[in-house]
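Summary of the model geometry
Residues per chain are reported as follows:
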Amino acid sequence: MAGDRLSIDKPELRNVTKVVATALPPLFLAVPSVWLMLSVPPLWRGVDAYNQTVRPPGMVTILLHAPLYCTLSRVPLWLGYLISGSGPAESLGYFIKHSQLTDAGVYSLIILQHVALWCGAVYLIYAIARTLLLRLLLAFFFASQPLFYGFAHCVGSEALSMIVILLLAASGVRLVLRYPDIRAHDWIIFTVLLAAASLTRHINCVLAAVLPTTMIVIMIERGLRRLVPDQKAIADANFQFSKAWKIWLISIATGLIGLFCATSITHLLCWRSHTPWRSTFGYTFLWRFNFLKSMQPPPRQALLNFVASKCRLPESHQLLEMLGNWIDRNKYWEPGAFIQEAHSDLPDSEMKFHGEKFDRVLNEIASGFLYPPVAPLRSAALSDFTTATASTES
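Residues numbered from 1 in each chain as written. Predicted model: local features only at pLDDT ≥ 70, side-chain atom pairs only at ≥ 80, totals over all residues. Heavy atoms only, no water.

With that settled, the discussion passes to the overall build of the protein. Counting secondary structure elements, the protein contains 19 helices and two strands. Going through the 394 residues of the protein one by one, you find that 41% of them count as buried. Across the protein, the fraction of contacts at a sequence separation of at least 24, relative to all contacts at a separation of at least 6, is 70%. Here the protein holds 33 positive side-chain charges and 25 negative ones, and the gap between their average locations is 7 Å. (Helix = DSSP H or I, 4+ residues; strand = E, 2+ residues; numbered from the N terminus. Buried < 20%, exposed > 50% of the residue type's maximum accessible area, 1.4 Å probe, protein only. Contact = heavy atoms within 4.5 Å. Lys, Arg positive; Asp, Glu negative; His and termini not counted. Charge placed at Lys NZ, Arg CZ, Asp CG, Glu CD.)

Glancing now at empty space enclosed by the protein. Applying the stated criterion to the full structure yields one cavity of 30 Å³ or more. Roughly 50 Å³ of internal volume is contained in the largest cavity. If you trace the largest cavity, you find it lined by G282, L286, F289, L319, L320, L323, F338, L362 and I365. Those elements that place two or more of their residues in the lining of the largest cavity are α16 (314-329) and α18 (356-370). (1 Å grid on protein atoms, 1.4 Å probe; cavity = no way out; pocket = protein on both sides within 12 Å on 5 of 7 lines; lining within 4 Å. Points joined across faces, edges and corners; volume = space filled by probe spheres on them.)

Enumeration over the complete set of coordinates arrives at 15 aromatic pairs. Both rings, one in F285 and one in F289, keep their centres 5.2 Å apart while their planes meet at 85°; by these two values the pair is edge-to-face. For the pair F285 and F289, one class covers both residues: buried. Note on F289 and F369: the rings are 5.0 Å apart at their centroids and 45° apart in plane angle, and the pair reads as tilted. Remark: F369 occurs in helix α18 and F289 occurs in the loop between α14 (281-285) and α15 (297-309); sequence separation between them is 80 residues. Just as F289 is buried, F369 falls in that class too. Through pairs of rings, three or more aromatic residues link up here, namely F281, F285, F289, F291, W326, W333, F338 and F369. Looking at R135, its charged tip hangs above the ring of Y126, at a distance of 3.8 Å from the centre. (Phe/Tyr/Trp six-rings, centres within 6.5 Å; stacked < 30°, edge-to-face > 60°. Lys NZ or Arg CZ within 6 Å of the ring centre and 35° of its normal.)

With that settled, consider a nonpolar patch on the surface. Residues L27, F28, L134, L137, F140 and F141 make up a contiguous nonpolar surface patch of about 560 Å² in total accessible area. Elements supplying a minimum of two residues to the nonpolar patch: α1 (2-39) and α8 (132-143). As for its placement among the helices and strands, F140 is situated in helix α8. (Patch = residues over 30% accessible without salt bridge, like charges linked within 9 Å, V, L, I, M, F, W, Y side chains within 5 Å. Areas by Shrake-Rupley, 256 points an atom, 1.4 Å probe, with all protein chains shown as cover. Salt bridge = Lys/Arg side-chain N within 4 Å of Asp/Glu carboxyl O.)

All right, on to the side chain of R300 then. Summarising the element assignment, R300 is placed in helix α15. Apart from the residues lying within four places of it in its own chain, the contact partners of R300 are L292, K293, M295, I327 and D328.

On to the layout of surface pockets, then. What the largest pocket holds in volume is close to 1300 Å³. Considering the residues around the largest pocket, the lining is formed by 41 residues, among which L63, L64, H202, T280 and T284 are closest to the centre. Of all the secondary-structure elements, those providing two or more residues to the lining of the largest pocket are α2 (46-54), α3 (59-64), α10 (157-177), α11 (184-200), α13 (231-272), α14 and α19 (375-390). Residue contributions to the lining of the largest pocket peak at five residues, all from α3. Grouping the constituent residues of the lining of the largest pocket by class yields 21 nonpolar, 13 polar and seven charged. Considered as a void within the structure, the second largest pocket measures approximately 390 Å³ in volume. (Nonpolar A, V, L, I, M, F, W, Y, C, P; charged D, E, K, R; others polar.)

For the rest of this paragraph, the subject is the environment of N290. As for its placement among the helices and strands, N290 is situated in the loop between α14 and α15. When its relative accessible area of 40% is taken as the criterion, N290 is described as partly exposed. Sequence separation between N290 and E334 is 44 residues; the distance between their C-alpha atoms is 8.3 Å.

Inspection of the secondary structure assignment puts T266 in helix α13. What makes T266 buried here is its relative accessible area of 10%. Other than its neighbours up to four places away in sequence, T266 contacts I62, L63, P67, L199 and W277.

Right, let's talk about α18 for a bit. Helix length check: α18, at 15 residues, gives a terminal C-alpha distance of 21 Å against a target of 21 Å (1.5 Å per residue), a fit within 8%. For α18, the tally of buried residues reaches twelve of 15 residues, placing the bulk of the element in the interior. Among all positions of α18, only K357, F358, D359, V361, L362, N363, E364, I365, A366, G368, F369 and L370 are buried. Buried residues in α18 make contact with α14, α15, α16, α17 (335-345) and α19. (Expected span 1.5 Å × (residues − 1).)

Right, let's talk about the nonpolar core for a bit. Counting 40 residues, the largest nonpolar core has F289, F291, L292, L320, L323 and F369 as its most contacted members. If you list the elements that add at least two residues to this core, you get α3, α14, α15, α16, α17, α18 and α19. Considering each element in turn, this core owes the most residues, seven residues, to α18. Here L323 is in contact with F289, L292, L304, W333 and F338, once residues within four sequence places are set aside. If you look at the next biggest cluster of nonpolar residues, it comprises 34 residues, including L68, L77, L160 and Y179. (Core = buried A, V, L, I, M, F, W, Y, C linked by side-chain atoms within 4.5 Å.)

Dropping the structure here:
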């Protein structure tokens, strides 16, 4: 009788242990989020967050800001709008084009971001650790980092970017741990997450180079390990080396396919919103012109003349001349005010609004500054980097 009871209790005990082991790491990860949601109101990433959550599909929400967050954030905002009863019931499609912010919608978005952060952290921790003790330790270390929770508590694409990068890192860890016997669905998951990261923030495209670089490092390490005089080991090493090259080529193809999918989706969204596709890099770079303010007028004018000599479009010359005059007249660099003045003063009708030609002009000017980077810009970038790395929480 006692033996039967013991045999019944053991499976139940194992089940309880398994449930506890599964639940404890997410509970650790949830504690900072709960404290933030009870103590701190939602944070905003400036005017960019407003544009990403309110502006209709178009140049700002597809080209200037990558489209994934601008689209997905409308779902919790829409649900919150319906719950709050702030207006008549609307379909999600209509709401995406005519978004309205409500307290319920913003809090729904923040809660969903925190939950997504927990999922990303659990996915990464479970990819790294196999034992309960190590998983709890990693969960504790993760929960002690305020950066993750601060971004999750912000309205802005940086929150989703961080979460997708966590998932991408976990997927990459799984690929490395299963090397060289990597299954097809592991490659597919990594490709989808890479495309999602690129659709969240444009700069995430550089992540496509991480996996091929990692595979090269693994190939070098495995190759050095097999440098032995045994003929059988050499034949085996040649076979493994051939397989390693194939895996490396697949990793390159994975990155290219992910970027191709992200670009294709962007083109599709542009087509649906009747927005001509083009790069808006020059418009983003416009916010970096504050380094010109620290220069003396003669060298600043010489620099603008040098950049103008590299530009072919006459509108680029006109805009650079306006830029020099605007900086001479104003105490601080305000890109928005400069753009408004440029739209009103430039004679070309196509430069009166932020259209395809205006972006083409800004891109040409940005290329003049960056290819190769001019000395004052390099100096300002180095100064900013030094200041950022020297900063502390105090």
